[in-house]
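# Commentary on secondary and tertiary structure
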Amino acid sequence: MFYYLLKYVLLGPLLRLVFRPRIEGLEHVPSSGAAIVAGNHLSFSDHFLMPAVLKRRITFLAKAEYFTGPGLKGRLTAFFFHSAGQIPIDRSGKEAGQAAIREGLGVLSKDELLGIYPEGTRSHDGRLYKGKVGVAVMALKAGVPVVPCAMIGTFEAQPPGRKIPRIHPVVIRFGEPLDFSRYAGMENEKAVLRAVTDEIMYAILSLSEQEYVDRYAADVKAAEAERKAEEKRRAPRMPQR
């Protein structure tokens, strides 16, 4: 109930008023039945803008840190994300991927829409990164179509580290559903999963027109953080007076 209160009364109208998003290809999102909406992930705002423009409820897999903050603020944040249709996923540990797949399949088994960001994390520089194969596993196991989606302009509106979005034109573009029924029963084949994931990422790339990087975003972020830490260690220290 609170999901629809947010969508139609509290948050949705405000997002539409502030961002005035232009929606393209909304007819490609199935009006009923299970489906995966797979999109690029440029901004914290993505979590709310896409649900605000869809006619159906959509459930996203979100990082567990959004639900585990301390104190009153943490409890309110967790309540908000639960109410907004987000499912917490612990991205650390060996079982993280399997837990995400189980949760996603649970959503799809109820003939609902599942939202997922195949990159696994937000892009830190606006480029599109290599997709993880979990989206392919879910699509093949559930036998559902995948609707590619491109968020355009949200990086400029709210890049990483910016708490309050700036007003910037936003386009939300949906592509034609991708049918992977030809791979039915092959969800344990690594080559098939990679091919399906790459097809999904190519569809997102065609919609978003981003620069593509054939590496995982998390690995690039980690390498960048290590490089900065190394530069800091090597930097000469100013003598104290």
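Quick notes on the rules
- Sequence positions are assigned chain by chain, starting from 1 and proceeding in written order.
- Restriction of local features to residues with pLDDT of at least 70 applies here, the model being predicted, together with a cutoff of 80 or more for giving and counting side-chain atom pairs; totals for whole chains, interfaces and linings are based on all residues.
- The side-chain figures draw on all heavy atoms in the structure; neither hydrogens nor water molecules are used.
- Helical segments are the DSSP runs of H or I of at least four residues, strand segments are the runs of E of at least two, and each set is numbered from the N terminus.
- For a helix, the expected span equals 1.5 Å multiplied by the residue count minus one.
- Buried, partly exposed and exposed residues are distinguished by accessible area as a fraction of the type maximum, computed with a 1.4 Å probe on protein chains only: under 20%, between the cut-offs, and over 50%, respectively.
- Every residue pair with non-hydrogen atoms within 4.5 Å of one another is taken to be in contact.
- Two rings belonging to Phe, Tyr or Trp (six-membered ring only in the last case) form a pair when the distance between their centres is within 6.5 Å. Interplanar angles under 30 degrees mark stacking, angles over 60 mark edge-to-face geometry, and anything in between is tilted.

## Digging into helix α8 (residues 190-208)
Its 19 residues give α8 an end-to-end C-alpha distance of 27 Å, which sits within 8% of 27 Å, the value for a rise of 1.5 Å per residue. Looking only at α8, the buried set comprises V192, L193, R194, V196, T197, I200, M201, A203, I204, L205, L207 and S208. Those residues of α8 that are buried lie in contact with β2 (35-39), β6 (128-129), α6 (134-142), β7 (146-152), β8 (171-174) and β9 (212-213). Just downstream of α8, E209 is the residue with a positive phi angle, here 60°.

## Here's the deal with the packing of aromatic side chains
Tallying each qualifying case throughout the model produces two aromatic pairs. When the ring of F44 is compared with that of F48, the centres are 5.5 Å apart and the planes differ by 65°; the resulting orientation is edge-to-face. On the basis of relative accessibility, which here comes to 25%, the residue F44 falls in the partly exposed class. Its relative accessible area of 11% is what places F48 among the buried residues. Measuring from ring centre to ring centre gives 5.3 Å for F60 and Y117, while their planes differ by 20°; the resulting arrangement is stacked. Of the two residues, F60 sits in strand β3 (residues 58-63) while Y117 sits in the loop between β5 (113-116) and β6, which places them 57 residues apart along the sequence.

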